[in-house]
Amino acid sequence: MISNLKPTFRVPATRGKMGKTEYYTATLPFGVVTKLFTFDPAAMLELSPEYRSQRALKSKRVPEIARYIIDHDDYIFSAITVSVDSDEVEFRPVEEADIGVLVLPLEAKYVINDGQHRVAGISEALLSDPTLARDTISVVVLPDGGLERSQQIFSDLNRTVHKTSKSLDILYDHRLPINRITMACMDQVDLFQKRIDKERVSLSIRSPKFATLSGLQQANKQLLGNPDERLSPTAEKKLTSWAIDYWNILADLVEPWNHIRDGDMKPQEARQEYISSYALALWAFGAVGKAVSAAAKQANGNRAELLSGLTKIDWRTGRESAWPSMRL
């Protein structure tokens with residue numbers, strides 16, 4: 001029981017149980033989260049790993065999260081998890097139900113087991129826009145038995161976490177222009193239609209796919225750069241058109257891309273004999289397209305004509321490449 005003389009914070013919450021672990025879930029405003037669950041990244045780094053409650057903060061992720069919050073009015077976060085190093089956490093149920101009021105001692109030590117980067121990003125976002133203090137996030141509160149228990153909680157929370165592949169991230173993330181452009185290429189370039197692996201980041205030897213979605217996106221980054229999220233619709237349409245035209249042009253010029261496109265050769269067969277079918281080659285072709293675009297603009301020339309030298313290259317493995325003879 002918490003003494004009435006000690007400062008506390010009361011919040012509506014639900015009580016749950018997993019195995020032997022009892023936990024509480026509450027919804028807290030950003031302003032409360034950043035004040036109640038404070039931590040010192042510099043002090044954490046001074047400790048050796050065995051004395052930390054979790055991994056050290058990666059400072060470059062913090063401004064990325066802050067920008068995500070500030071730049072989007074439909075942002076969303078999963079719940080953060082904190083443990084309380086105190087015996088004075090109290091749950092007051094309503095009529096013996098698992099719904100009630102969670103009473104947290106303000107002077108207790110709180111450890112962020114999962115979500116320290118989110119909390120740091122929220123804190124930085126509040127500096128730019130204090131009105132965000134009223135936004136809320138779900139918080140899972142766990143009773144804590146000290147450092148060893150906090151370390152075990154952190155380990156258990158990450159034990160079953162499996163990061164999605166880069167290709168799936170691109171497929172599901174519609175905010176970034178480069179992703180939308182890449183999806184348009186996948187749908188409108190004949191060579192890529194039904195030949196792009198949307199889940200994996202690398203292809204097996206026998207894969208019937210021509211490339212991965214992540215590989216195509218990286219090639220488009222070489223071709224177009226990484227357009228800002230605030231890119232205008234007109235500018236995005238122009239970049240999309242150029243990317244689609246570029247890959248269609250290459251499908252006519254690079255051996256054996258035209259045979260794959262026309263169904264005369266399978267991608268897995270092409271990878272056995274032609275280096276042009278490797279993921280690294282796709283990335284390099286993106287860089288070639290950027291150089292061609294710059295050269296055509298400078299000389300007021302035709303990009304397709306500048307690319308015609310690609311037909312002179314013998315792309316078969318083990319053959320001397322004619323690449324040095326090509327001039328942009």
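Worth saying up front: this structure is predicted, and the values here are computed from it rather than measured.

We now examine the pattern of salt bridges. One pass over the structure, following the stated rule, counts 10 salt bridges. Residues Glu90 and Arg92 are paired through a salt bridge, measuring 3.0 Å at the closest nitrogen-oxygen approach. Residue classification places Glu90 among the buried positions, given a relative accessible area of 12%. By relative accessible area, which is 31% here, Arg92 ends up partly exposed. Where Arg316 meets Asp314, a salt bridge forms, and the shortest distance between an N and an O atom there is 3.0 Å. Linked through salt bridges whose partners overlap, the residues forming this network are Asp252, Arg261 and Asp262.

Of all 6 residues in strand E3 (residues 80-85), 5 are buried, a share of seventy percent or more. Pairing between E3 and strand E7 (residues 136-143): 5 bridges, direction parallel. Residue pairing for E7: Ile80 is matched across the bridge by Val139.

Bringing the sheet that holds strand E5 (residues 99-105) into the picture now. Strand pairing in a sheet is mediated by backbone hydrogen bonds. Such pairs are either parallel or antiparallel. Strands sit in the order E4-E5-E1-E2-E7-E3-E6 across an open sheet of 7 strands; the sheet is mixed. Here the strands that pair on one side only, and so sit at the sheet edges, are strand E4 (90-93) and strand E6 (109-114). Shown here is a sheet whose adjacent strand axes are inclined to one another by a mean of 35 degrees, direction ignored. Looking at chain direction, strand E1 (residues 8-18) and E5 are connected through 7 bridges and run antiparallel. Paired with Pro12 across the bridge in E5 is Val101.

Trp247 and Phe285 are the most contacted members of the largest nonpolar core, which totals 42 residues. Counting residues per element, the ones that place at least two in this core are helix H6 (166-172), helix H7 (177-188), helix H8 (213-224), helix H9 (233-253), helix H10 (257-261) and helix H12 (279-299). In terms of residue count, H9 provides more of this core than any other element does, 8 residues in total. If we ignore the near neighbours within four places in the chain, the residues touching Phe285 are Tyr246, Trp247, Leu250, Val254, Trp257, Ser276, Leu310 and Trp315. Within the second largest apolar cluster, 30 residues are counted, among which are Tyr24, Ile80, Tyr110 and Val119.

Overall, the predicted model of the protein reaches an average pLDDT of 87, with 86% of residues at or above 70. This model gives residues 44-48 a pLDDT under 50, and the stretch forms 9 contacts once residues within four places in sequence are excluded. With pLDDT under 50 throughout, residues 321-328 is counted as low confidence; its partners more than four residues away or in other chains account for 16 contacts.

Moving on, we come to the packing of aromatic side chains. Inspection of every chain in the model, using the stated rule, returns 14 aromatic pairs. The interplanar angle of 75 degrees and the centroid separation of 6.2 Å between the aromatic rings of Tyr68 and Tyr75 together place this pair among those described as edge-to-face. When its relative accessible area of 22% is taken as the criterion, Tyr68 is described as partly exposed. Relative accessible area serves as the criterion here: at 16%, Tyr75 is assigned to the buried category. Linked through ring pairs, Phe192, Phe210, Trp242, Tyr246, Trp247, Trp257, Phe285 and Trp315 together constitute an aromatic cluster.

Cut-off values and rules
- Residues numbered from 1 in each chain as written.
- Predicted model: local features only at pLDDT ≥ 70, side-chain atom pairs only at ≥ 80, totals over all residues.
- Heavy atoms only, no water.
- Salt bridge = Lys/Arg side-chain N within 4 Å of Asp/Glu carboxyl O.
- Buried < 20%, exposed > 50% of the residue type's maximum accessible area, 1.4 Å probe, protein only.
- Helix = DSSP H or I, 4+ residues; strand = E, 2+ residues; numbered from the N terminus.
- Pairing = 2+ DSSP bridges.
- Axes fitted to C-alpha atoms, helices over the stretch in contact; angles between N-to-C directions.
- Core = buried A, V, L, I, M, F, W, Y, C linked by side-chain atoms within 4.5 Å.
- Contact = heavy atoms within 4.5 Å.
- pLDDT = per-residue confidence, 0-100.
- Phe/Tyr/Trp six-rings, centres within 6.5 Å; stacked < 30°, edge-to-face > 60°.

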